[in-house]
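Geometric and topological summary
Residue strings, one per chain:
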Amino acid sequence: MSTGRSIGLDAARETLPDAALYDAAILKRLWRYLRPYSGFATASLVLLMLNSALGVIWPLLTQVAVDRYLMPDPTADSVLDPWLPAEPMQGIWWLVTLSLASLLLGVLTRAAQIHTMNWTGQRVMRDMRREVFGHLQRLPVAYFDRTPSGRLVTRATTDVDVLNELFTSGLVAVAGDVLTLFCAFGAMLYLSPRLTLVYLGIGPLVWIVSVIFRRRARSSFRDVRKAVAKLASFLQECFTGISEIQVFNHEQRALNDFATINHEHRAANYRSVRAHAVFFPVIEWISLLGVALLVVFGGAWVVAGTVSLGVLMAFLQYGTRVFRPIQDLAEKYNVLQAAMAGAERIFELLDTEPEMIEATAGAVELDQPSVEFRNVWFAYKDEDWVLEDVSFEVPPGGLVAVVGHTGAGKSTLVSLLLRFYEIQRGTILVGGRDIREWTPEALRAHFSVVLQDSFLFSGTIGENIGLGDPEAPPEAIRGAAENAHLADHIESLPEAYDEPVLERGAGLSVGQKQLISFARALVHERPFLVLDEATSSVDPDTERKIRDTLSKLFVGRTSIVIAHRLSTIRRADSIVVLHRGRVIEHGGHDDLLARDGVYARLHKLQSLAEAVPMPQ
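A brief structural summary.

Analysis parameters
Residues numbered from 1 in each chain as written. Predicted model: local features only at pLDDT ≥ 70, side-chain atom pairs only at ≥ 80, totals over all residues. Heavy atoms only, no water. Helix = DSSP H or I, 4+ residues; strand = E, 2+ residues; numbered from the N terminus. Contact = heavy atoms within 4.5 Å. Pairing = 2+ DSSP bridges. Axes fitted to C-alpha atoms, helices over the stretch in contact; angles between N-to-C directions. Phe/Tyr/Trp six-rings, centres within 6.5 Å; stacked < 30°, edge-to-face > 60°. Core = buried A, V, L, I, M, F, W, Y, C linked by side-chain atoms within 4.5 Å. Buried < 20%, exposed > 50% of the residue type's maximum accessible area, 1.4 Å probe, protein only. Salt bridge = Lys/Arg side-chain N within 4 Å of Asp/Glu carboxyl O. Expected span 1.5 Å × (residues − 1). Arc of directions from axis to C-beta. Patch = residues over 30% accessible without salt bridge, like charges linked within 9 Å, V, L, I, M, F, W, Y side chains within 5 Å. Areas by Shrake-Rupley, 256 points an atom, 1.4 Å probe, with all protein chains shown as cover.

1. Details of the overall build of the chain
On a plain count of helices and strands, the chain comes out with 22 helices and twelve strands. Pairs at least 24 residues apart make up 77% of the contacts formed inside the chain by residues separated by at least 6 positions.

Structure below.
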């Protein structure tokens, strides 16, 4: 789903083939981030204008020195004549001092301008990264399921970085180069309109070369940004699955795949480099052609006495200075194109809105802690139904277990209940109200959950247990750890609850990570408890201890247990048996065994498996 802003960008892209209007639309959106710091941006621009004006003084002073003192020309005059001394050496020293003062002032204004704009750019990038990350937090789980994580990391890092370069050295530098050109040509027109027209004769060549370069550079930079995102996604995937790569001797295949992606990245960059390699020498050649024209025509006019030697020398200096900003403009065009590609991808992300029905109220009062699935249908794609007409109810304070073969849709029930995904048909009621009346945040605030895949964040063990409540008291964290039979292990660590947790819980066993997730759910006093395969990675001895704790924790809570080990759900008030997305059996443990159906067969298979002695 896209907002009107992205529609406007798409329309601009289609309306103008050269994408000038499209770039203008992106720049307009970027201005929103710069607006809070417009005062600093204005100060930077004023400093830049002063620096550009100071940059054209040296050739003018050269003209004055030549025409007044070195080779006096009675026809030549300047605005400085009333203040210049008559004695040549004094005048030359006076001009040199003025030149050095202008150079020093130029250095100071340039340093102040760079500092001001970089200060501004860093704050703009901070605001943009914050918005990107905040927006990602609001997107549904479905978006992350279909979007490579490396691509999202690229949006908040490298794509934002190229925008930083746009603000700090792109747009401002372009403005500076344009101002330098205007000041230089203004001074040239002041000195000699005829020589200025001669020099402008190379303008069409510069325009043709610049247009060709611009077209090639734009497409190459889009390819580079795509290649960077693809490379980041591949590396993220490989680093996350490095254990699997090594255990299955998949290193060579991964290296070959990386070589292919890396080649695409190199090729995209090479196309950009090739455009530069041709453009800059051609511009340099055109610059020399302009100087040659000045020497030919200007020299003839100096001999004829219609142009002074000082004016010609000033023009030769301006000729080399004019092409420097032209080359810089080409370089900054690269920055602009990279920024446009990065901004396009960032705004595409920001224009992606949560694909869920908005709640009618931010928080809904909980009349009674009950859960009901009423004729629920759900498919991850089209009508490839994962759940079909599922109905069951969990009364206040009740315990319902959901069992079934792998792929039956058990964990999907939890995702729908917590609004990670939206159902296509039917209704899910919590507290007697449709969950679509709740905001996801308000809904989830009533649930304590242990998901099937445990995930720990970098920080401390205590912080991971208290996740979701930064103000959780230490005694509550310790109590949750004790109920999860984890306190002894934590207190044996050097820093106990302040023990650092490495990335993704490295250094902890799968069972320990799951127990921490279990304690995380128990630290909060919430009316609903959801366990999704909560004991699947816990050894039987620990499972028995947790089972005793659960019998107390279930009291007063409305609980749903997705069970793999059927021994953990014998005390459930009701058991729902899923098979290929449908409820095929529903009842108590003893009743389902008496029916001799799917549940009975699952129970028999697990009993046989547990009865087989482990090898000594």
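2. A look at the sheet that holds strand S10 (residues 558–562)
Here we have six strands laid out as an open sheet, ordered S6-S9-S10-S3-S11-S12, and mixed in their pairing. The outermost strands of the open sheet, each flanked by one partner alone, are strand S6 (447–450) and strand S12 (582–587). The mean angle between the axes of side-by-side strands here comes to 15°, regardless of whether they run parallel or antiparallel. Taken together, the five bridges between strand S11 (residues 574–579) and S12 define a ladder with antiparallel strand orientation. Across the sheet, Leu-578 pairs through a bridge with Val-583, a residue of S12.

3. Notes on the packing of aromatic side chains
All chains considered together, the criterion is met by nine aromatic pairs. Measuring from ring centre to ring centre gives 6.4 Å for Tyr-37 and Trp-119, while their planes differ by 85°; the resulting arrangement is edge-to-face. Of the two residues, Tyr-37 is situated in the loop between helix H2 (20–34) and helix H3 (38–54) and Trp-119 in helix H5 (residues 88–138); the sequence distance between them amounts to 82 residues. Ring geometry for Phe-297 and Trp-301: centres 6.0 Å apart, planes at 55°, overall tilted.

4. Concerning the nonpolar core
Within the largest apolar cluster, 38 residues are counted, with the highest numbers of intra-cluster contacts made by Ile-465, Ile-569 and Ile-575. Per-element tally for this core: the top contributor is helix H19 (residues 510–522), with six residues. Ile-575 has contacts with Ala-401, Val-403, Ile-569, Glu-585, His-586, Gly-587, Gly-588, His-589, Leu-592 and Tyr-599, leaving out every residue within four places of it along the chain. Of all hydrophobic cores here, the second largest spans 32 residues; its members include Phe-373, Val-390, Val-402 and Phe-528.

5. A few points about the environment of Ala-314
Along the polypeptide, Ala-314 turns up in helix H13 (residues 309–350). Through-space distance from the C-alpha of Ala-314 to that of Leu-61 is 8.4 Å; in sequence the pair is 253 residues apart. Among residues more than four places away in sequence, those in contact with Ala-314 are Pro-59, Gln-63 and Leu-191.

6. Some words on the pattern of salt bridges
By the definition in use, this model includes seven salt bridges. Residue Glu-422 is joined to Arg-419 by a salt bridge in which the shortest nitrogen-to-oxygen separation is 2.8 Å. Each of the two residues, Glu-422 as well as Arg-419, counts as buried. Here Arg-436 and Asp-434 are joined by a salt bridge, their closest N and O atoms 3.0 Å apart. For Asp-434, a relative accessible area of 16% puts it in the buried group.

7. Description of H3
The terminal C-alpha atoms of H3 lie 24 Å apart, and with 17 residues this matches the ideal 24 Å at 1.5 Å per residue to within 8%. Listing the buried residues of H3 in full gives Ala-41, Ser-44, Leu-48, Ser-52 and Leu-54. Take H3 and look down its axis: the buried residues cluster within an arc of 155°, on one side only.

8. With respect to a nonpolar patch on the surface
A contiguous nonpolar surface patch, about 610 Å² in accessible area, is contributed by Trp-58, Met-89, Trp-93, Val-96, Leu-100 and Leu-103. Ranked by the residues each element gives to the nonpolar patch, the list is headed by H5, at five residues. Position of Trp-58 relative to the elements: it lies in helix H4 (residues 57–70). Overall, Trp-58 belongs to the partly exposed group, its relative accessible area being 35%.

Worth remembering: the numbers are spatial, not functional.
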